[in-house]
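Take a look at the letters that make up each chain.
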Amino acid sequence: MSICHTARVLVVELLSVALMACSGDRRPGVIVTDSAGVMIIENQEPMWQGEDWRIGNDPVLEIGTRDSPSHYQFDRIEHVLRLDDGVIVVADGGSAELRFFDSSGHFVTSSGGRGNAPGEYQMIESIGAGPGDSIWVYDFGARRFTVLTSNGIVSRTMTLDGTLSNVGAVGRLDDGSFVVREYWSSRRRDMELVTGLRRDPAAIARYSPDGLTIDTIGLFPGREVFIGSENGRAVMSAPLFAHSTSAAVANNTVIIGDQNTFQIGLYSSDGVLTRLVRLLDIDLRLTEQDIAQLKQQRLAAQPPATRPSLSNHMDRMDVPANRPAYREIVVDELGNLWVEDYQPEPRKSSRWTIVASDGRLLGTIGTPPTFKLLEVGDTWVLGVGLDEVDVEYVRLYKLDKSTLDSEDQDQLR
C-alpha cells in the first residue's frame, strides 16, 4: 500500500472521529471527548466479539537454515523489512550486514559488513523504509544513519551530534527527518546518591534530513533503573518489571507511551499532542507470586554457579508496584497500532492489542509460538522465529481478516 493511500485513510478516519467527538459520541465501549484541543478516546471494550483477525498457523515463507549456505544462516537478527515488491531485507547483527531476499526467499545480495567506513556498521540497531523506495539503517555504535537504495547501494550517511546520548532510532517521517530517542537522559542529575527505583526524563527528538538541526518533541520517562550503593558508589541495575517508553512513527505522527497505564499519545512532528488513546479498567497490580515467578525464571536461565549471587542481587532491588501496561508498538500499513501485551522474559509467544487508526479498540491477536513480530502489512505479518535449538528464521505469515463482515472490511481498508 502506498504512503499516499495510507495518509488518505488516516485523514478520513480522523475526520470521522472528530465529528463524533463534536457530537458527544457515546457508542458502546468507547467515549470520545475533547480537552483543550486534545482528542481523548477512551475504550472500555473491544469492537470485536472474539479474535476477528488471525495469524496463520504455518508460515507462507521461511528463510533460514542450520547449515550452509552461509547467507541463509543468521546470528542475532536485529530487524526485518518487507518492501513493496516483496523483497525482504534482513539486518543481521552478527555479520553487521543487510541481506536481501526475493519474494520467494532466495538470496539476492548483501550490503554492509563490520567497520567504520560509509556503508559499514558497528552495531545495527534498526532498519526502516521510506520515503519512496529508500531504506534507512541506524548504527547504534557509530550514532549514524545510512540511507540506501532499495538494492542496498549507499546514498548518504548522517552522523548524530552530541546533543543527546544513548540514542536509538524510532523511525523516519514523510519529510525525510529522523525521530530518535534517548534511552537514558544526558542531562545533569542531582549528584547526591539516591538509591531505589528511578526514571529520569529522556528526550524524543527529530533531526532534519541533513542532520544539521534538531527539534525536541518532548521529554518522557526513560528506562526504569534501580540505583544501589556499593562501597560508596552508585550501581545501576535493571529491576524486575522495569518500565520504559515505547515509541513509533506513522507518516508525520509520532506515537509515544510511557507504559505506566494503557495510554498512548499521538504527537505532531513539532511535538504538539493531538490525541490520547486509552484502555480503561486494566489491572496492572503485581502480586508476590508474580515477583517470585519471574525471579525463578531468571535464575533458571543462568548457570547454577551464578544463581546464588543473582538471587541476592534481585532480593536487594526494589520492584515497581505495577507491571508495565504494554511493550512494543508497531504501526501497520493501514495506520493501526499493534501494541504488544506485557509479559516478562522469557517470551515464548505474545499477544497484541490492536487499536484502529482512529483510536477505537478492535481486539487482540496472538502470534505463533517462538515468533517475534516486527512488521505488519495489510494481509501479512513478518518477524523472527526460533526452532527447537534456537536457530533463527525469518518467517512470513498470512494475516486473515476474513471473519470480519463486509462493512468492517471496508472501514479498515
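> Describe the environment of Ala-248, naming the residues involved and giving the relevant values.
Assignment of secondary structure puts Ala-248 in strand S20 (residues 246–250). Linking Ala-248 and Leu-266, residues 18 residues apart in sequence, is a C-alpha distance of 9.7 Å. Sequence-distant contacts of Ala-248, defined by excluding residues within four places in its chain, comprise Val-170, Thr-253, Val-254, Ile-255, Ile-329 and Val-331.

> Quick one: what's the story with the nonpolar core, residue by residue and with numbers?
If you look at the biggest cluster of nonpolar residues, it comprises 21 residues, and the most contacted ones within it are Ile-255, Phe-262, Ile-264, Tyr-326, Ile-329, Leu-337 and Val-339. Elements with a minimum of two residues in this core: strand S1 (30–35), strand S2 (38–43), S20, strand S22 (263–268), strand S23 (273–279), strand S24 (329–331) and strand S25 (337–340). Setting aside residues up to four positions removed in sequence, Val-339 forms contacts with Phe-262, Ile-264, Tyr-326, Glu-328, Ile-329, Arg-351, Trp-352 and Thr-353. With 16 residues, the next largest nonpolar core counts Trp-338, Leu-362, Leu-373 and Val-376 among its residues.

> Got a sec to walk through unusual backbone geometry? Specific residues and values, please.
In this model, Ser-68 is joined to Pro-69 through a cis peptide bond whose omega is 5 degrees. Mapped onto the elements, Pro-69 comes out in the loop between strand S4 (61–63) and strand S5 (77–82). In the Ramachandran plot, Ala-36 falls in the positive-phi region, its phi being about 55 degrees despite a non-glycine side chain. Considering the arrangement of structural elements, one finds Ala-36 in the loop between S1 and S2. For Gln-259, which is not glycine, the phi dihedral falls at a positive 70 degrees.

> Pulling in residues and values, what's your account of the packing of helix H2 (residues 288–300) against helix H3 (residues 307–316)?
At a minimum axis distance of 10 Å, the contact between H2 and H3 shows a crossing angle of 150 degrees. With respect to H3, the element H2 is oriented roughly antiparallel. The two elements H2 and H3 cross, and the hand of that crossing is right-handed. Of the residues in H3, those touching H2 at Lys-295, Arg-298, Leu-299 and Ala-300 are Arg-307, Leu-310, Ser-311, Met-314 and Asp-315. Residues belonging to the contact of H2 with H3 are distributed by class as follows: four nonpolar, one polar and four charged.

> Tell me about the confidence of the model for the protein chain, and please be specific about residues and values.
Overall, the predicted model of the protein chain reaches an average pLDDT of 87, with 88% of residues at or above 70. Taken as a whole, residues 1–26 scores under 50 in pLDDT and shows 37 contacts with residues more than four places along the chain or in a different chain. The low-confidence segment residues 404–413, where pLDDT is below 50, has 17 contacts with residues more than four positions distant or belonging to other chains.

> Lay out the sheet that holds strand S8 (residues 107–112) in plain terms, naming residues and giving numbers.
Strands belonging to one sheet form pairs held by backbone hydrogen bonds; the direction of such a pair is parallel or antiparallel. Read from one edge to the other, the open sheet built from four strands follows the order S5-S6-S7-S8, with strand pairing classed as antiparallel. Only two strands of the sheet have a single neighbouring strand rather than two, namely S5 and S8. Each neighbouring strand pair of the sheet contributes to a mean axis angle of 20 degrees, computed without reference to strand direction. Sheet topology places strand S6 (residues 88–92) next to strand S7 (residues 97–101); five bridges connect them, and they run antiparallel.

> How would you sum up the packing of aromatic side chains? Please name residues and give values.
Scanning the model with the defined rule gives 14 aromatic pairs in all. Seen in terms of ring centroids, Tyr-138 and Phe-145 are 4.7 Å apart; in terms of plane orientation they differ by 45 degrees. Their pairing is tilted. Taking the relative accessible area as the measure of exposure, Tyr-138 reaches 0% and is therefore buried. Residue classification places Phe-145 among the buried positions, given a relative accessible area of 1%. Look at Phe-140 and Tyr-183: their rings are 6.4 Å apart centre to centre, the planes differ by 45 degrees, and that puts the pair in the tilted class.

Calculation notes
- Residues numbered from 1 in each chain as written.
- Predicted model: local features only at pLDDT ≥ 70, side-chain atom pairs only at ≥ 80, totals over all residues.
- Heavy atoms only, no water.
- Helix = DSSP H or I, 4+ residues; strand = E, 2+ residues; numbered from the N terminus.
- Contact = heavy atoms within 4.5 Å.
- Core = buried A, V, L, I, M, F, W, Y, C linked by side-chain atoms within 4.5 Å.
- Buried < 20%, exposed > 50% of the residue type's maximum accessible area, 1.4 Å probe, protein only.
- Axes fitted to C-alpha atoms, helices over the stretch in contact; angles between N-to-C directions.
- Parallel < 35°, antiparallel > 145°, perpendicular 65-115°, else oblique.
- Left-handed = near helix turned anticlockwise from the far one by under 90°.
- Nonpolar A, V, L, I, M, F, W, Y, C, P; charged D, E, K, R; others polar.
- pLDDT = per-residue confidence, 0-100.
- Pairing = 2+ DSSP bridges.
- Phe/Tyr/Trp six-rings, centres within 6.5 Å; stacked < 30°, edge-to-face > 60°.

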